[in-house]
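# Per-entry structural report
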Amino acid sequence: MSTRPDQFSTGDDPIASALAGFARAHGATVRVSLDPAYVVAADPAPTRRVALVSGGGSGHEPLHTGFVGRGGLDAAIPGQVFASPHNQQIFAGARAAALPGGVLLVVKNYTGDVINFRIAAERLRAEGIDVETVLVDDDLATENEAAETGRRGTGATVLVEKVLAAAADSGASLADLADLGRRVVAASRSLAVASRAHTAPGGTGPAFDLPAGQLEYGVGIHGERAVSTIDRPGSEEVVDRMLQELLAAVPATPTGYAVLVNGLGAATGLEVYSVLDRVAQGLDERGLTLAAALAGTYVAALDMRGFSITLTALEPGWVEHLAAPTATPALPSTEPVGTVVAAAAQADTGGREVRDDPFLTALGRLVSAAKPELTRLDQVTGDGDFGDNLDGGTRTALASRVAEDEPQPGLRAVEQAFLDHVGGSSGPLYGLLFQNLRTALTDGSGVDAVRAGLRSALEAVQRVGGARPGDRTMADTLHAAANSSGDAADLLRAAVDGAAATADLLPRRGRASYLGERALGTPDPGAVGVAIVLAALVEVIDPTVDAAALVNPWT
């Protein structure tokens, strides 16, 4: 079993147990041998004359084992973490997958991989099997004419194997496939950056230390440090620099470019798709064509926090190969490049600005002061975005306009902002709060009108979200304030007490309900937010009340 406290692998050999699990999950697609370790396609395309075989160290999943199957590789050979597979594994796996037209080995340019695949090739030839090799060496960061080893093989491996697989399915010969693979490699370059190293195999800490605000520029997929460590610029600047260097390194092409944005293990889907969008914009700004695009984690470096960009200058027919269907666990097929429908421009409908509205001014000040604490509270019991949501909605309201004859301009603006622009569940529910307060203060005035608005807001929140007083939500603050007596200060004190009391309630609604007793001791951020809203309103209704002091624990 794994002795690393940060690793969840099971069994005495984590590679063997992972392969066994892989076999269980993909029984119709692959066949797995544990000794020697290799993966072969269960149902290769009958039109293939040549078997495609690749491999390398583990820790890069889904490369290469996830690419085995119809439309992908015929065999993949996994080594130990970041270590080349043994030539005996490669020989056995390639022999098991070999077809009458021979075997094409796709090898990333690392010394151990190159040597072991070459030895396996010699052994295959000795058995009468025709063999050719495509060496992938796309890493621009290791371009060095003085170095004998050459560039490393990285993300372009995905595109090389996909193009070759489609061509192999069409019945291409060994010589034609080898030539095609070498052309794809020559047309491809990759660059990778990382803001945090992977966890060192066998250890509990990062493989190398990277100070905050620094970026490894040109990092390798085995966690090799980059040639340079740079001060981290903005993300757009990083992507633009990478794209510029990649374009300078690949040939010009009228066919367009394929782009792969690859997560290195800990980059999220949100991030890699955002990077892809910036690359697409960069190509468009230069008058160049994005003809094929992929984004995801295909070549990981365990749990490294970073990404790579691969750029391939396409030849005619390659787009079709990239788009050809697959039946593998993870090898992707590209789709036609989509267009982005821009948001409709908002017409300036005139009306009055609200940036100087007394309520909104007070709300903006109090929410800004409370944002760090609201974020902390929501990190304990939720997803940590409540402070941003409340602050963002208030800022949107401050920048908006309302009708000239609106009797409650501040409340109308914040109602529109939260109902129309703030996401999640809290945004629209706060929008209903502002809507009901606006309606009540349009029909009446003073603290009695505020209480009437709070009662109708509580009813609306209950209808929509189902929360009741005692459920540890914003409903608890609404109920406490709506049922208070006395002046505006008394109403606010009741709201503050109601919000604070949620720390002693077991949550029954929202994400906090999953925590049970672990949520005790921390007030609900939504309940606290209502108290802060009412503090801003009380400042306007009765300026003699030191409303900010009453919500001071959170601001």
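Structure shown above.
Let us look at the structure shown here. Remember, it's a predicted structure, so these values are computed and weren't measured experimentally. (Residues numbered from 1 in each chain as written. Predicted model: local features only at pLDDT ≥ 70, side-chain atom pairs only at ≥ 80, totals over all residues. Heavy atoms only, no water.)

Helix and strand counts for the chain stand at 17 helices and 14 strands. With respect to the principal axes defined by its C-alpha atoms, the chain has extents near 95 × 55 × 45 Å. When burial is assessed residue by residue, the chain has 53% of its 555 residues classed as buried. Distance from the positive charge centre (43 side chains) to the negative charge centre (67 side chains) of the chain: 3 Å. (Helix = DSSP H or I, 4+ residues; strand = E, 2+ residues; numbered from the N terminus. Buried < 20%, exposed > 50% of the residue type's maximum accessible area, 1.4 Å probe, protein only. Lys, Arg positive; Asp, Glu negative; His and termini not counted. Charge placed at Lys NZ, Arg CZ, Asp CG, Glu CD.)

Orientation of helix H12 (residues 426-443) relative to helix H16 (residues 525-541), taken along the N-to-C sense of each, is 30 degrees, at an axis distance of 12 Å. Between H12 and H16, the interaxial angle falls into the category roughly parallel. Judged by the twist between their axes, the crossing of H12 over H16 is right-handed. Taking contact as the criterion, the partners of Tyr430, Leu433, Phe434, Leu437 and Leu441 in H12 are, on H16, Gly526, Gly529, Val530, Val533 and Leu537. Partitioning the contact of H12 with H16 into residue classes produces eight nonpolar, two polar and no charged. (Axes fitted to C-alpha atoms, helices over the stretch in contact; angles between N-to-C directions. Parallel < 35°, antiparallel > 145°, perpendicular 65-115°, else oblique. Left-handed = near helix turned anticlockwise from the far one by under 90°. Contact = heavy atoms within 4.5 Å. Nonpolar A, V, L, I, M, F, W, Y, C, P; charged D, E, K, R; others polar.)

The first and last C-alpha atoms of helix H11 (residues 409-420) sit 16 Å apart over twelve residues, in line with the 16 Å expected at 1.5 Å per residue. Here H11 has its buried residues at Pro409, Gly410, Leu411, Ala413, Val414, Glu415, Ala417 and Phe418. Those residues of H11 that are buried are in contact with strand E13 (352-353), helix H9 (358-381), helix H10 (386-398), strand E14 (401-402), H12 and H16. (Expected span 1.5 Å × (residues − 1).)

Orientation of helix H15 (residues 488-501) relative to H16, taken along the N-to-C sense of each, is 165 degrees, at an axis distance of 8 Å. Overall, the two elements H15 and H16 adopt an arrangement that is roughly antiparallel. The two elements H15 and H16 meet at a crossing, and its hand is left-handed. Judged by residue contacts, Ala488, Leu491, Leu492, Ala495, Val496 and Ala499 of H15 engage Ala527, Val528, Ala531, Leu534, Ala535 and Val538 from H16. Residues that form the contact of H15 with H16 fall into these classes: twelve nonpolar, no polar and no charged.

Let's shift gears to the sheet that holds strand E2 (residues 37-41). Strand order in the open sheet made by the six strands is E1-E2-E4-E3-E5-E6, with mixed pairing throughout. What marks the edges here is a single partner per strand, and that holds for strand E1 (30-34) and strand E6 (131-136). Taken over all neighbouring pairs, the strand axes of this sheet differ in orientation by 20 degrees on average, direction set aside. Sitting on the sheet, helix H4 (residues 156-169) is in contact with strand E3 (51-58), strand E5 (103-108) and E6, with an inclination near 170 degrees to E5. (Pairing = 2+ DSSP bridges.)

Evaluated as defined, the whole model comprises 31 salt bridges. Between Arg151 and Glu143 there is a salt bridge, with the nearest N and O atoms lying 3.2 Å from each other. The class of Arg151 is buried, set by a relative accessible area of 15%. The shortest N-O distance in the salt bridge between Arg451 and Asp448 comes to 3.8 Å. You can see Arg451 and its partner Asp448 sitting in helix H13 (residues 446-465), three residues apart, about one turn around the helix. Assessed through its relative accessible area of 5%, Arg451 is described here as buried. When salt bridges that share partners are traced, they join Lys371, Asp388, Asp391 and Arg395 into one network. (Salt bridge = Lys/Arg side-chain N within 4 Å of Asp/Glu carboxyl O.)

With that settled, consider the layout of surface pockets. Taken as a whole, the second largest pocket encloses approximately 590 Å³ of empty space. Together, 25 residues line the second largest pocket, and Ser425, Ser426, Gly510, Arg511 and Asp524 are the ones closest to its centre. Mapped by element, the contributors of at least two residues to the lining of the second largest pocket are H9, H10, H12, H13 and H16. The biggest single contributor to the lining of the second largest pocket is H12, with three residues. (1 Å grid on protein atoms, 1.4 Å probe; cavity = no way out; pocket = protein on both sides within 12 Å on 5 of 7 lines; lining within 4 Å. Points joined across faces, edges and corners; volume = space filled by probe spheres on them.)

Looking now at unusual backbone geometry. As a rule of thumb, non-glycine residues mostly have phi less than zero, and peptide bonds are mostly trans rather than cis. With an omega of 0 degrees, the peptide bond running from Asp35 to Pro36 counts as cis. Inspection of the secondary structure puts Pro36 in the loop between E1 and E2. Residues Glu61 and Pro62 are joined by a peptide bond in cis, for which omega reads 15 degrees. Within the element layout of this structure, Pro62 appears in the loop between E3 and strand E4 (75-81). Of note in this structure, Leu302 is not a glycine but carries a positive phi near 55 degrees.

Time to look at the sheet that holds strand E11 (residues 290-296). One open sheet holds the six strands; their spatial order is E9-E8-E7-E12-E10-E11, and the pairing between them is mixed. Of all the strands in the sheet, the pair left with one neighbour each is strand E9 (228-231) and E11. The average angle at which neighbouring strand axes cross in this sheet is 20 degrees, direction not considered. In terms of strand pairing, strand E7 (residues 188-196) meets strand E12 (residues 305-313) through eight bridges, oriented antiparallel. Each bridged residue has a counterpart across the sheet, and for Leu191 the counterpart in E12 is Ile309. Here helix H5 (residues 174-186) sits on the sheet in contact with E7 and E12, set at roughly 50 degrees to E7.

Our next topic: the pairing of E12. Most of E12 is tucked away: eight of the nine residues are buried. Both strand E10 (residues 257-263) and E12 contribute to a ladder of seven bridges, which runs antiparallel. In the strand pairing of E12, Val259 is matched with Leu311.

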